[in-house]
Amino acid sequence: LSCYPGTAKNPVANLIPGLELGLVETLDRQLQEGDGVMVPHKRVSKIDSTLPPYLIIHMVRFEWKKANDAAGTKACRAKVLKRIEYPHLLDLYPFCTDSLKHVLDKGRIQDEQRRAKELHQSSDQRMDTKPVDQAKPVDQAKPVDEAKPVEQGTNDEALADDPINYADGTYQLKSVVTHKGRTVEEGHYICWNWSHQDQSWTKLDDDKSSKVAKDAIDLQGGLADGHVPYILLFERKGIFQ
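Rules of the game
- Residues numbered from 1 in each chain as written.
- Predicted model: local features only at pLDDT ≥ 70, side-chain atom pairs only at ≥ 80, totals over all residues.
- Heavy atoms only, no water.
- Helix = DSSP H or I, 4+ residues; strand = E, 2+ residues; numbered from the N terminus.
- Buried < 20%, exposed > 50% of the residue type's maximum accessible area, 1.4 Å probe, protein only.
- Contact = heavy atoms within 4.5 Å.
- Areas by Shrake-Rupley, 256 points an atom, 1.4 Å probe, with all protein chains shown as cover.
- Core = buried A, V, L, I, M, F, W, Y, C linked by side-chain atoms within 4.5 Å.
- Phe/Tyr/Trp six-rings, centres within 6.5 Å; stacked < 30°, edge-to-face > 60°.
- Lys NZ or Arg CZ within 6 Å of the ring centre and 35° of its normal.
- Arc of directions from axis to C-beta.
- Polar contact = N/O pair within 3.5 Å; in protein donor to acceptor, adjacent residues only side chain to side chain.
- pLDDT = per-residue confidence, 0-100.
- Salt bridge = Lys/Arg side-chain N within 4 Å of Asp/Glu carboxyl O.

J.: Explain the overall build of the chain here, please?
T.: Counting secondary structure elements, the chain contains two helices and 12 strands. Tracing the chain from N to C terminus, the helices and strands come up as β-α-β-β-β-β-β-β-α-β-β-β-β-β. Classification of the 241 residues of the chain by burial places 27% in the buried group. For the chain, restricting intrachain contacts to residue pairs at least 6 apart in sequence, the fraction spanning at least 24 positions comes to 63%. Surface summary for the chain: the accessible area is close to 16000 Å², and the carbon and sulfur share equals 51%.

See the structure below:
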(Lines give C-alpha, C1' and ligand atoms only; values in the text may rest on other atoms or scores of the structure.)
Protein backbone atom coordinates (compact mmCIF):
# COMPACT_ATOMS: atom_id res chain seq x y z
CA LEU A 1 0.00 0.00 0.00
CA SER A 2 1.03 3.62 -0.50
CA CYS A 3 0.41 6.59 1.77
CA TYR A 4 0.07 9.91 -0.05
CA PRO A 5 0.81 13.26 1.65
CA GLY A 6 -2.19 15.05 0.11
CA THR A 7 -2.08 18.56 -1.31
CA ALA A 8 -1.58 22.08 -0.01
CA LYS A 9 -5.37 22.53 0.18
CA ASN A 10 -6.04 19.05 1.56
CA PRO A 11 -2.97 18.00 3.54
CA VAL A 12 -2.65 14.60 5.18
CA ALA A 13 -1.46 14.43 8.78
CA ASN A 14 -2.17 10.77 9.58
CA LEU A 15 -1.56 7.41 7.93
CA ILE A 16 -5.20 6.37 7.42
CA PRO A 17 -6.26 9.34 5.22
CA GLY A 18 -3.04 8.90 3.25
CA LEU A 19 -3.87 5.24 2.59
CA GLU A 20 -7.38 6.21 1.52
CA LEU A 21 -5.91 8.57 -1.09
CA GLY A 22 -3.75 5.75 -2.40
CA LEU A 23 -6.81 3.56 -2.98
CA VAL A 24 -8.73 6.18 -4.98
CA GLU A 25 -8.28 6.25 -8.75
CA THR A 26 -9.78 8.91 -11.02
CA LEU A 27 -10.85 7.71 -14.46
CA ASP A 28 -12.46 9.49 -17.41
CA ARG A 29 -15.53 7.87 -18.90
CA GLN A 30 -18.28 8.90 -21.28
CA LEU A 31 -21.33 10.57 -19.80
CA GLN A 32 -23.52 8.74 -22.31
CA GLU A 33 -22.47 6.13 -24.82
CA GLY A 34 -21.44 7.72 -28.09
CA ASP A 35 -21.77 11.37 -27.02
CA GLY A 36 -18.02 11.89 -26.69
CA VAL A 37 -18.40 13.82 -23.43
CA MET A 38 -15.90 12.56 -20.85
CA VAL A 39 -16.45 13.08 -17.14
CA PRO A 40 -14.14 12.16 -14.26
CA HIS A 41 -15.14 9.11 -12.25
CA LYS A 42 -13.59 8.04 -8.95
CA ARG A 43 -13.03 4.36 -8.25
CA VAL A 44 -12.15 3.19 -4.73
CA SER A 45 -10.20 -0.06 -4.47
CA LYS A 46 -10.75 -2.54 -1.64
CA ILE A 47 -8.72 -5.45 -0.29
CA ASP A 48 -10.70 -8.44 -1.52
CA SER A 49 -8.60 -11.61 -1.36
CA THR A 50 -6.44 -12.18 1.69
CA LEU A 51 -4.29 -10.37 4.22
CA PRO A 52 -0.55 -11.07 3.90
CA PRO A 53 1.53 -12.02 6.97
CA TYR A 54 3.53 -8.83 6.47
CA LEU A 55 2.35 -5.50 5.11
CA ILE A 56 4.69 -2.96 3.51
CA ILE A 57 3.52 0.64 3.34
CA HIS A 58 5.34 3.07 1.08
CA MET A 59 5.29 6.63 2.36
CA VAL A 60 5.36 8.80 -0.77
CA ARG A 61 8.24 11.11 0.10
CA PHE A 62 9.60 12.14 -3.29
CA GLU A 63 7.58 13.95 -5.95
CA TRP A 64 8.31 15.70 -9.22
CA LYS A 65 8.45 19.48 -8.83
CA LYS A 66 7.86 21.55 -11.95
CA ALA A 67 10.21 24.31 -13.04
CA ASN A 68 9.37 27.81 -11.85
CA ASP A 69 10.69 30.52 -14.17
CA ALA A 70 9.71 33.31 -11.77
CA ALA A 71 11.69 31.73 -8.94
CA GLY A 72 14.46 30.61 -11.27
CA THR A 73 14.22 26.95 -10.23
CA LYS A 74 14.53 23.92 -12.47
CA ALA A 75 12.31 20.86 -12.53
CA CYS A 76 13.51 18.27 -10.04
CA ARG A 77 12.49 15.53 -7.64
CA ALA A 78 11.70 17.13 -4.30
CA LYS A 79 11.52 15.48 -0.90
CA VAL A 80 8.24 15.71 1.04
CA LEU A 81 9.16 16.43 4.66
CA LYS A 82 5.59 16.64 5.94
CA ARG A 83 4.92 14.98 9.29
CA ILE A 84 2.54 12.05 8.83
CA GLU A 85 1.85 10.19 12.06
CA TYR A 86 1.36 6.42 11.99
CA PRO A 87 0.01 4.07 14.69
CA HIS A 88 1.76 1.07 16.20
CA LEU A 89 -1.46 -0.91 15.71
CA LEU A 90 -3.06 -0.61 12.27
CA ASP A 91 -6.59 -1.83 11.54
CA LEU A 92 -7.21 -2.67 7.86
CA TYR A 93 -10.78 -3.87 8.41
CA PRO A 94 -12.35 -0.68 6.94
CA PHE A 95 -10.31 -1.18 3.74
CA CYS A 96 -11.65 -4.69 3.09
CA THR A 97 -14.57 -5.89 0.97
CA ASP A 98 -17.68 -7.20 2.69
CA SER A 99 -16.75 -10.79 1.87
CA LEU A 100 -13.31 -10.41 3.46
CA LYS A 101 -14.81 -8.63 6.47
CA HIS A 102 -17.03 -11.68 6.98
CA VAL A 103 -13.90 -13.84 7.27
CA LEU A 104 -12.26 -11.39 9.69
CA ASP A 105 -15.37 -11.17 11.89
CA LYS A 106 -14.39 -14.47 13.51
CA GLY A 107 -11.18 -12.98 14.85
CA ARG A 108 -12.91 -9.78 15.95
CA ILE A 109 -15.59 -11.72 17.84
CA GLN A 110 -12.84 -13.81 19.44
CA ASP A 111 -11.04 -10.66 20.57
CA GLU A 112 -14.22 -9.20 22.09
CA GLN A 113 -14.99 -12.47 23.88
CA ARG A 114 -11.49 -12.65 25.34
CA ARG A 115 -11.58 -9.05 26.54
CA ALA A 116 -15.01 -9.64 28.11
CA LYS A 117 -13.72 -12.82 29.77
CA GLU A 118 -10.67 -11.03 31.17
CA LEU A 119 -12.88 -8.22 32.46
CA HIS A 120 -15.20 -10.73 34.10
CA GLN A 121 -12.30 -12.59 35.73
CA SER A 122 -10.82 -9.32 36.97
CA SER A 123 -14.18 -8.40 38.49
CA ASP A 124 -14.45 -11.80 40.19
CA GLN A 125 -11.00 -11.34 41.72
CA ARG A 126 -11.98 -7.95 43.12
CA MET A 127 -15.13 -9.48 44.61
CA ASP A 128 -13.09 -12.25 46.24
CA THR A 129 -10.86 -9.72 48.01
CA LYS A 130 -13.82 -8.00 49.70
CA PRO A 131 -14.83 -8.94 53.28
CA VAL A 132 -17.60 -11.53 53.39
CA ASP A 133 -20.08 -9.17 55.06
CA GLN A 134 -19.53 -6.52 52.35
CA ALA A 135 -19.70 -8.79 49.34
CA LYS A 136 -22.98 -8.74 47.44
CA PRO A 137 -24.87 -11.97 46.82
CA VAL A 138 -24.29 -13.40 43.38
CA ASP A 139 -27.90 -12.88 42.34
CA GLN A 140 -27.69 -9.16 43.20
CA ALA A 141 -24.39 -8.44 41.51
CA LYS A 142 -24.55 -6.31 38.38
CA PRO A 143 -23.26 -7.82 35.16
CA VAL A 144 -19.72 -6.80 34.30
CA ASP A 145 -20.54 -5.72 30.78
CA GLU A 146 -24.02 -4.34 30.24
CA ALA A 147 -23.36 -3.64 26.57
CA LYS A 148 -25.34 -5.60 24.01
CA PRO A 149 -23.48 -8.86 23.30
CA VAL A 150 -22.07 -9.46 19.84
CA GLU A 151 -24.31 -11.67 17.75
CA GLN A 152 -22.59 -14.92 17.01
CA GLY A 153 -23.34 -18.38 15.72
CA THR A 154 -23.07 -21.62 17.64
CA ASN A 155 -19.62 -22.26 16.17
CA ASP A 156 -18.32 -19.02 17.69
CA GLU A 157 -19.42 -19.63 21.28
CA ALA A 158 -16.05 -20.99 22.44
CA LEU A 159 -13.77 -18.70 20.44
CA ALA A 160 -12.36 -17.15 23.62
CA ASP A 161 -10.94 -20.55 24.65
CA ASP A 162 -9.71 -21.47 21.17
CA PRO A 163 -5.87 -21.76 21.24
CA ILE A 164 -5.74 -20.38 17.69
CA ASN A 165 -5.59 -16.61 17.33
CA TYR A 166 -7.64 -15.77 14.26
CA ALA A 167 -6.79 -12.76 12.11
CA ASP A 168 -9.05 -9.78 12.76
CA GLY A 169 -7.57 -7.32 10.27
CA THR A 170 -5.10 -5.67 12.63
CA TYR A 171 -1.35 -5.34 12.15
CA GLN A 172 1.43 -4.51 14.60
CA LEU A 173 4.29 -2.22 13.66
CA LYS A 174 7.48 -4.20 13.09
CA SER A 175 10.03 -1.89 11.43
CA VAL A 176 10.49 1.58 10.00
CA VAL A 177 12.97 2.64 7.33
CA THR A 178 13.83 6.33 7.50
CA HIS A 179 15.65 8.67 5.15
CA LYS A 180 17.85 11.40 6.54
CA GLY A 181 18.79 14.04 4.00
CA ARG A 182 17.27 16.95 2.09
CA THR A 183 17.16 15.49 -1.43
CA VAL A 184 16.73 12.14 -3.14
CA GLU A 185 20.28 12.34 -4.49
CA GLU A 186 21.82 12.46 -1.03
CA GLY A 187 21.17 11.21 2.46
CA HIS A 188 21.20 7.98 4.39
CA TYR A 189 18.69 5.19 5.04
CA ILE A 190 18.39 3.62 8.51
CA CYS A 191 16.21 0.72 9.67
CA TRP A 192 14.49 0.78 13.07
CA ASN A 193 13.01 -2.40 14.57
CA TRP A 194 10.27 -1.89 17.14
CA SER A 195 9.96 -4.14 20.22
CA HIS A 196 6.44 -4.26 21.68
CA GLN A 197 7.79 -6.08 24.72
CA ASP A 198 10.53 -3.58 25.57
CA GLN A 199 8.74 -0.55 24.09
CA SER A 200 12.00 0.50 22.45
CA TRP A 201 13.70 0.73 19.06
CA THR A 202 16.70 -1.17 17.73
CA LYS A 203 18.61 1.08 15.36
CA LEU A 204 20.25 -0.75 12.43
CA ASP A 205 22.68 1.65 10.79
CA ASP A 206 24.77 -0.25 8.23
CA ASP A 207 26.74 -2.77 10.31
CA LYS A 208 26.03 -1.06 13.65
CA SER A 209 23.09 -1.75 15.96
CA SER A 210 22.01 -0.01 19.14
CA LYS A 211 19.02 0.26 21.47
CA VAL A 212 17.10 3.53 21.48
CA ALA A 213 14.37 4.44 23.96
CA LYS A 214 10.95 5.28 22.55
CA ASP A 215 10.99 8.84 23.87
CA ALA A 216 14.56 9.48 22.73
CA ILE A 217 13.78 9.60 19.00
CA ASP A 218 10.97 10.98 16.83
CA LEU A 219 10.42 8.89 13.69
CA GLN A 220 7.23 10.59 12.49
CA GLY A 221 9.01 13.04 10.17
CA GLY A 222 8.51 16.76 9.66
CA LEU A 223 12.10 17.95 10.14
CA ALA A 224 14.41 18.76 7.23
CA ASP A 225 17.47 17.27 8.92
CA GLY A 226 15.62 14.63 10.92
CA HIS A 227 14.61 11.03 10.30
CA VAL A 228 11.70 10.94 7.85
CA PRO A 229 9.79 7.61 7.58
CA TYR A 230 9.91 6.14 4.08
CA ILE A 231 8.91 2.48 4.52
CA LEU A 232 6.69 0.98 7.24
CA LEU A 233 6.60 -2.77 7.89
CA PHE A 234 3.65 -4.24 9.80
CA GLU A 235 3.09 -7.83 10.96
CA ARG A 236 -0.37 -9.37 10.87
CA LYS A 237 -1.96 -10.41 14.15
CA GLY A 238 -3.51 -13.86 14.14
CA ILE A 239 -3.83 -16.68 11.61
CA PHE A 240 -5.77 -16.02 8.42
CA GLN A 241 -8.24 -18.80 7.56
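J.: Please clarify how the nonpolar core should be interpreted in this entry.
T.: Taken as a class, soluble globular proteins show a tendency for nonpolar side chains to be buried jointly. Ranked by size, the top nonpolar core spans 31 residues in total, and within it Leu15, Ile57, Trp201 and Phe234 carry the most contacts. Secondary structure elements with two or more residues in this core: α1 (15–22), β4 (54–59), α2 (98–128), β8 (170–180), β9 (188–195) and β12 (228–236). Not counting residues within four places of it along the chain, the set of residues in contact with Ile57 comprises Leu1, Cys3, Leu15, Leu19, Leu90, Tyr230, Ile231, Leu232 and Phe234.

J.: Sorry if this is basic, but what is going on with the packing of aromatic side chains here?
T.: Geometrically, a pair of aromatic rings is defined through the distance of the ring centres and the angle of the planes. If you walk through the whole model with that rule in mind, you get two aromatic pairs. With centroids separated by 5.8 Å and ring planes inclined at 50 degrees, the aromatic side chains of Tyr189 and Tyr230 adopt a geometry described as tilted. Within this pair, whereas Tyr189 is found in strand β9, its partner Tyr230 is found in strand β12, the two being separated by 41 residues in sequence. Exposure remark for Tyr189: the relative accessible area of 39% places this residue in the partly exposed category. Cation over ring: Lys106 sits above Tyr166, and NZ or CZ is 4.3 Å from the ring centre. The ring of Tyr93 has Arg108 sitting right over it, with the charged end atom 4.0 Å from the ring centre.

J.: Explain unusual backbone geometry here, please?
T.: Even without being a glycine, Gln199 presents a positive backbone phi close to 55 degrees. Residue classification places Gln199 among the partly exposed positions, given a relative accessible area of 39%.

J.: In this structure, what is going on with α1? I would like to understand it.
T.: Within the sequence span of α1, burial applies to Leu15, Gly18 and Leu19. Looking down the long axis of α1, one finds its buried residues gathered within 100 degrees of arc, a one-sided arrangement.

J.: Can you walk me through the environment of Lys42 in this structure?
T.: With respect to the helices and strands, Lys42 occurs in strand β3 (residues 38–44). For Lys42, a relative accessible area of 61% puts it in the exposed group.

J.: Honestly, the side chain of Ser175 in this entry has me stumped. Any pointers?
T.: Relative to the helices and strands, Ser175 resides in strand β8. Separated by 2.5 Å, the side chains of Ser175 and Asn193 make a polar contact. Apart from residues no more than four positions distant in its own chain, Ser175 is found in contact with Cys191, Trp192, Asn193, Ile231, Leu232 and Leu233.

J.: I'm lost on the confidence of the model for the chain in this one. Help?
T.: Here the chain averages 79 in pLDDT, and 78% of its residues register 70 or above. Under a pLDDT of 50 for its full length, residues 138–154 has, in the predicted model, nine contacts with residues more than four places off or in other chains.

J.: Explain the pattern of salt bridges to me, please; I cannot follow it from the model alone.
T.: Pairing between side chains becomes possible if they bear opposite charge and their charged atoms approach one another. Here the structure, examined in full by the defined rule, presents six salt bridges. Of the charged contacts in the structure, one is a salt bridge between Asp218 and Arg83, with a shortest N-O distance of 2.7 Å. On the criterion of sequence distance, the pair formed by Asp218 in the loop between β11 (208–213) and β12 and Arg83 in the loop between β6 (76–79) and β7 (89–91) is long-range, its members being 135 residues apart. Residues Asp198 and Lys211 are paired through a salt bridge, measuring 3.7 Å at the closest nitrogen-oxygen approach. Taken together, the residues Asp198 in the loop between β9 and β10 (200–205) and Lys211 in strand β11 connect sequence positions 13 residues apart. Here Asp198 falls in the partly exposed class, since its relative accessible area comes to 47%. Ionic contacts of the salt-bridge type, sharing partners, join the residues Arg83, Glu85 and Asp218 into one network.

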